[in-house]
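These are the residues of each chain, in order.
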Amino acid sequence: MVMSPAICALLAFTGLTIALAAGYVGYRIFLVLTFKTAANSWTREAETWKDPAIITRLHHAHLNCVENLPLFAAVVLVAVVSNQLAIVDELAMIYLVLRLAQSGIHIISTAPAFVFIRANLWIAQMTLLAYWVLALCGQV
């Protein structure tokens, strides 16, 4: 059986989210296992530990995926249960490419030009999600 592009994109987005978490958590596990820091050295929002910039960017890219994955998953779920998956299939891979590019740029740099590009990639994703919501409701 061949999976639809929307389902494949959803699985890839999920895999990306897991991979980003593995990147920064793996670094932290290494530090704990090599006795360079205690396991409780990282707390939410508190500056108790200073990770290298790349690890911080991995963490932020992961959090961004965690914030946006449910939106895409909800659209795909509604498309599946309403038998309208073709609506999402049409542009699902474009959405995935936008997401991959945004995460990649998030990891590369926080320079203003990169943040600008990243923001525009996010806007494009939100535009696609809004289009799908409207299309699934029969408004487009």
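No experiment lies behind these values; they were computed from the predicted model shown.

Undergrad: Can you lay out the packing of helix α1 (residues 5-33) against helix α2 (residues 53-81) for me, pointing to particular residues and giving the numbers?
TA: Between α1 and α2, the shortest axis-to-axis distance is 9 Å and the interhelical angle comes to 155 degrees. Viewed along their axes, α1 and α2 adopt a mutual orientation that is roughly antiparallel. Considering how the two elements wind past one another, α1 and α2 form a crossing that is left-handed.

Undergrad: I'd like to hear about the packing of aromatic side chains, residue by residue, with values.
TA: On inspection of all chains with the given rule, the structure shows five aromatic pairs. Judged by centre distance (6.2 Å) and plane angle (35 degrees), the ring pair of F13 and F72 falls under tilted. Placement of F13 in helix α1 and of F72 in helix α2 is noted, with a sequence separation of 59 residues between them. As far as the burial class goes, F13 and F72 line up, both buried.

Undergrad: Just give me the short version of the pattern of salt bridges, but keep the residues and values in it.
TA: Following the criterion strictly, the structure yields one salt bridge and no others. Between R28 and D51 there is a salt bridge, with its nearest N and O atoms 2.8 Å apart. Here the residue R28 occupies a position in helix α1, and D51 occupies one in the loop between α1 and α2, the gap between them amounting to 23 residues. You'll find R28 and D51 in the same group, each marked buried.

Undergrad: For the packing of α2 against helix α4 (residues 92-108), give the residues involved together with the corresponding values.
TA: α4 packs onto α2 with a crossing angle of 155 degrees between their chain directions and a minimal axis gap of 8 Å. Judged by the angle between their axes, α2 and α4 are roughly antiparallel. Seen along the crossing, α2 lies across α4 with a hand that is right-handed. Facing I54, R57, L58, H60, A61, N64, C65, N68 and F72 of α2, the residues of α4 in contact are Y95, R99, Q102, S103, H106, I107 and I108. Class assignment of the residues belonging to the contact of α2 with α4 gives a composition of eight nonpolar, six polar and two charged.

Undergrad: So what's going on with the nonpolar core? Which residues, and what values?
TA: If you look at the biggest cluster of nonpolar residues, it comprises 30 residues, and the most contacted ones within it are F72, V76, V88, Y95, L129 and W132. Elements that contribute at least two residues to this core include exactly α1, α2, α3 (85-89), α4 and α5 (112-136). For this core, the element with the most residues is α2, which contributes nine residues. Once residues lying within four places of it in the same chain are set aside, the contact partners of F72 are A6, A9, L10, F13, V88, Y95, L129 and W132.

Undergrad: Give a detailed account of the environment of E90, specifying residues and quantitative values.
TA: Examined against the element boundaries, E90 turns out to sit in the loop between α3 and α4. Put simply, E90 and Y131 are 41 residues apart on the chain and 12 Å apart in space, counted from C-alpha to C-alpha.

Undergrad: Describe α4, listing the residues and the values that go with them.
TA: Compared with an ideal rise of 1.5 Å per residue, which puts 17 residues at 24 Å, α4 spans 24 Å between its outermost C-alpha atoms and is within 8% of the ideal. Buried within α4 are the following residues: A92, Y95, L96, L98, R99, Q102, S103, I105 and H106. Those residues of α4 hidden inside the fold are in contact with α1, α2, α3 and α5.

Criteria and cut-off values
Residues numbered from 1 in each chain as written. Predicted model: local features only at pLDDT ≥ 70, side-chain atom pairs only at ≥ 80, totals over all residues. Heavy atoms only, no water. Axes fitted to C-alpha atoms, helices over the stretch in contact; angles between N-to-C directions. Helix = DSSP H or I, 4+ residues; strand = E, 2+ residues; numbered from the N terminus. Parallel < 35°, antiparallel > 145°, perpendicular 65-115°, else oblique. Left-handed = near helix turned anticlockwise from the far one by under 90°. Phe/Tyr/Trp six-rings, centres within 6.5 Å; stacked < 30°, edge-to-face > 60°. Buried < 20%, exposed > 50% of the residue type's maximum accessible area, 1.4 Å probe, protein only. Salt bridge = Lys/Arg side-chain N within 4 Å of Asp/Glu carboxyl O. Contact = heavy atoms within 4.5 Å. Nonpolar A, V, L, I, M, F, W, Y, C, P; charged D, E, K, R; others polar. Core = buried A, V, L, I, M, F, W, Y, C linked by side-chain atoms within 4.5 Å. Expected span 1.5 Å × (residues − 1).

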